[in-house]
Amino acid sequence: WGVVGHATIATIANHYLTEAGKTYVSSKLGAGVTMASVASWADNYRYTTVGRFSAPYHFIDAEDTPPSSCSVNLARDCGPTGCVVSAITNYTQRVQDSHLSVENTKEAMEFLIHFIGDITQPLHDEAEAVGGNDISVTWDGTPTNLHACWDTQMVEKAAGGSNSTATLTAFSNKLIAMIDTGSYSSQKAGWISCDNVATASQCALSWAQDANALNCQYVLKANETGMELDGSYYTGALPYIDLQIAKGGYRLGAWINALAAAA
Ligand code: DCM
Ligand code: DCM
Ligand code: DCM
Ligand code: ZN
Ligand code: ZN
């Protein structure tokens with residue numbers, strides 16, 4: 001996801017924190033540092049020389065055959081340099097490691113906030129066409145690619161604008177209402193059915209499989225090469241964008257509450 005997606009996920013997560021969860025976040029990030037403000041740090045870090053090691057942690061290249069067959073297999077798909085599933089496992093352990101420096105602990109928290117977001121983006125759980133980066137499309141006439149539209153253009157349209165306090169508040173409040181009393185209220189328990197921080201790899205794999213399935217259901221179903229996406233493709237994608245951002249936020253909140261409860 002782009003900046004709006006990650007900041008919305010962090011804002012939703014923050015809404016669902018227990019008192020212990022809030023205290024846990026401040027103890028890791030520092031007093032007064034919001035989750036939304038650090039949610040995209042990992043995307044800047046991966047382009048730096050010292051942060052290059054973390055570039056593979058943003059995705060898992062599932063070597064499946066969408067749209068006919070979708071699957072994620074950790075042994076097959078998480079390479080020797082790591083993937084989003086192993087990264088969530090590693091940083092769930094590191095954020096709980098009392099021997100780490102304050103700075104490394106903060107980094108572990110920032111990585112978790114980011115990767116529990118990225119794993120709900122269907123194309124971050126897909127090898128096909130480098131997660132859709134190699135599928136050329138247009139957005140409102142401008143050449144771009146399928147992955148970028150899912151990360152940014154479609155999310156900004158769903159949110160009603162680019163990154164601003166007003167946009168984040170409106171979009172996160174809309175999704176929180178759907179979680180609390182709307183169409184997600186009956187399914188949200190399933191989103192956090194895996195919530196044991198001691199089995200992080202199992203949970204993260206199930207989250208990757210959940211998002212990857214959408215590549216067969218919708219994301220890669222239409223042979224999108226050359227397509228203008230700001231039209232019926234966007235309209236069909238919108239329910240999935242709302243769902244995946246809401247899910248990421250609700251899960252991240254529950255994961256942090258579980259970390260706080262285990263501390
Ligand atoms: N490191 C890592 N994975 C871990 C723990 C540490 O890759 N689970 C790396 C991060 C640093 C180095 O090892 O590059 C030393 O880390 P630290 O200073 O936290 O011991
Ligand atoms: N790091 C990590 N996991 C890794 C590699 C690095 O958490 N697999 C983090 C630990 C440090 C930072 O990257 O906070 C840089 O580590 P170092 O300076 O020891 O290489
Ligand atoms: N990406 C992905 N799968 C890959 C490679 C990249 O999901 N195999 C993601 C990471 C970024 C976007 O695609 O969100 C663009 O990556 P990059 O800047 O590395 O080209
Ligand atoms: Zn992306
Ligand atoms: Zn990312």
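For the structure itself, consult the block above.
Residues numbered from 1 in each chain as written. Chains lettered and ligands numbered in written order. Predicted model: local features only at pLDDT ≥ 70, side-chain atom pairs only at ≥ 80, totals over all residues. Heavy atoms only, no water.

Participant: Explain the coordination of the zinc ion (ligand 4) to me, please; I cannot follow it from the model alone.
Facilitator: Working reference: metal with six octahedral donors, ideal angles 90 or 180 degrees; metal with four tetrahedral donors, ideal angle 109.5 degrees. For the zinc ion (ligand 4), every protein donor is listed as His124 (NE2), His147 (NE2), Asp151 (OD) and Asp151 (OD), and the spread of their distances is 2.0 to 2.6 Å. Separation of the zinc ion (ligand 4) from the zinc ion (ligand 5) amounts to 5.8 Å. Placement of the pair is His147 and Asp151 together in helix α8 (residues 146-159), with a separation of four residues, close to one helical turn. Residue His147 shares its accessibility class with Asp151, and that shared class is buried. (Donors = N, O, S within 2.8 Å, 3.2 Å for Na, K, Ca; no water. Helix = DSSP H or I, 4+ residues; strand = E, 2+ residues; numbered from the N terminus. Buried < 20%, exposed > 50% of the residue type's maximum accessible area, 1.4 Å probe, protein only.)

Participant: What should I look at first to understand the coordination of the zinc ion (ligand 5) in this one?
Facilitator: For the zinc ion (ligand 5), every protein donor is listed as Asp43 (OD), His58 (ND1), His114 (NE2) and Asp118 (OD), and the spread of their distances is 2.0 to 2.6 Å. Geometry at the zinc ion (ligand 5) is irregular, judged from the four donor atoms that bind it and their angles of 84 to 176° at the metal. (Tetrahedral: all angles 85-135°; square planar, octahedral: opposite > 155°, others 65-115°.)

Participant: When you look at the site of ligand 3 in this model, what are you seeing that I'm missing?
Facilitator: As a matter of local geometry, ligand 3 sits amid Arg46, Tyr47, Phe59, Asp61, Leu123, His124, Val130, Asn133, His147 and Asp151. Between ligand 3 and Asp61, the relevant distance is 2.9 Å, taken from a nitrogen atom to a side-chain nitrogen or oxygen of the residue. Taking Asn133, its side chain carries an N or O atom lying 2.9 Å from an oxygen atom of ligand 3. For ligand 3, whose free accessible area comes to 450 Å², the fraction covered by protein is 73%. (Near = heavy atom within 4 Å. Polar contact = N/O pair within 3.5 Å; in protein donor to acceptor, adjacent residues only side chain to side chain. Areas by Shrake-Rupley, 256 points an atom, 1.4 Å probe, with all protein chains shown as cover.)

Participant: Quick question: what am I supposed to make of helix α12 (residues 232-262) here?
Facilitator: Residues spaced three or four apart along an α-helix face the same direction, because each turn holds 3.6 residues. Between its first and last C-alpha atoms α12 spans 46 Å; for 31 residues at 1.5 Å apiece the expected length is 45 Å, and the two agree. Where α12 bends most, the angle comes to about 40°, and this point is Leu238, followed within four residues by the proline Pro239. Among the 31 residues of α12, 24 are classified as buried, and the element is accordingly described as predominantly covered. (Expected span 1.5 Å × (residues − 1). Bend = angle between axes of the 7 residues up to and from the residue.)

Geometric descriptors of this kind do not, in isolation, establish any biological role.
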